[in-house]
Amino acid sequence: MVTDLLDITILSDDLSLLALQCLTNISVTPTCHNAFTRTVQSLYNLLDSQLERRVGILRVLINLSANQDFVVYLLSAKVTQHSEDKQPEHFVHFPGMIFVVLTEASVQHQAV
């Protein structure tokens, strides 16, 4: 189901935002995260699309990053910068940013 929704996001401009909304809702549930393991690279590749899609993809990635077991998949995928005018440089550092945020959260949680 996740790959089908991702295909719709890639192929159909009309349905892409609806598919991204579904992916965002699914990505909130940790029990569904295993369905995203093969799609992380595709999600990163979509960061080079139009702004509305980019925001939706970032929402999905942020939801997935809340699951510490899933962070390995986020860090192992590569974010490529296709063109400087389309993709801001900070998207290239997204996996590292996730790692820093989760490490900080883990340290603060252990201190409590």
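For the structure, check the block above.
Here the structure is a predicted model, which is why all the values come from computation and not from measurement. (Residues numbered from 1 in each chain as written. Predicted model: local features only at pLDDT ≥ 70, side-chain atom pairs only at ≥ 80, totals over all residues. Heavy atoms only, no water.)

Draft legend 1. Here's a closer look at the overall build of the chain. Tallying secondary structure elements over the chain gives six helices and zero strands in all. Within the chain, the fraction of its 112 residues that count as buried is 39%. The contacts in the chain between residues at least 6 apart in sequence include a share of 63% that link residues at least 24 apart. Roughly 6900 Å² of accessible area belongs to the chain as shown, and the carbon and sulfur atoms make up 57% of that amount. (Helix = DSSP H or I, 4+ residues; strand = E, 2+ residues; numbered from the N terminus. Buried < 20%, exposed > 50% of the residue type's maximum accessible area, 1.4 Å probe, protein only. Contact = heavy atoms within 4.5 Å. Areas by Shrake-Rupley, 256 points an atom, 1.4 Å probe, with all protein chains shown as cover.)

Draft legend 2. Here's a closer look at helix 2 (residues 16-27). With twelve residues, helix 2 ought to run about 16 Å at 1.5 Å a step, and its terminal C-alpha atoms sit 16 Å apart, in line with that. All of the buried residues in helix 2 are S16, A19, L20, L23, T24, I26 and S27. Angular distribution of buried residues about the axis of helix 2 spans 165°; they occupy a single face of the element. Exposed residues on helix 2 whose side chains face more than 90 degrees from its buried face are L18 and N25. (Expected span 1.5 Å × (residues − 1). Arc of directions from axis to C-beta.)

Draft legend 3. Region of interest: the environment of L5. Inspection of the secondary structure puts L5 in helix 1 (residues 2-11). The class of L5 is buried, set by a relative accessible area of 13%. Between the C-alpha atoms of L5 and L20, which are 15 residues apart in sequence, the distance is 7.4 Å. When sequence neighbours within four positions are dropped, the list of residues in contact with L5 reads A19, C22, L23 and I26.

Draft legend 4. Here's a closer look at the packing of helix 1 against helix 2. Interhelical geometry of helix 1 versus helix 2 gives an angle of 150° and a closest axis separation of 8 Å. Here helix 2 runs roughly antiparallel to helix 1, going by the angle between their axes. Along this stretch, helix 1 crosses helix 2, giving a crossing that reads as left-handed. Taking contact as the criterion, the partners of V2, L5, L6, I8 and T9 in helix 1 are, on helix 2, S16, A19, L20, C22, L23 and I26. When its residues are assigned to classes, the contact of helix 1 with helix 2 shows nine nonpolar, two polar and no charged. (Axes fitted to C-alpha atoms, helices over the stretch in contact; angles between N-to-C directions. Parallel < 35°, antiparallel > 145°, perpendicular 65-115°, else oblique. Left-handed = near helix turned anticlockwise from the far one by under 90°. Nonpolar A, V, L, I, M, F, W, Y, C, P; charged D, E, K, R; others polar.)

Draft legend 5. Fine view of the packing of aromatic side chains. For the structure on display, the rule yields one aromatic pair. Seen from their ring centres, F70 and Y73 are 5.3 Å apart, and the 45° between their planes marks the pair as tilted. On the basis of relative accessible area, F70 is assigned to the buried category, the value being 3%. (Phe/Tyr/Trp six-rings, centres within 6.5 Å; stacked < 30°, edge-to-face > 60°.)

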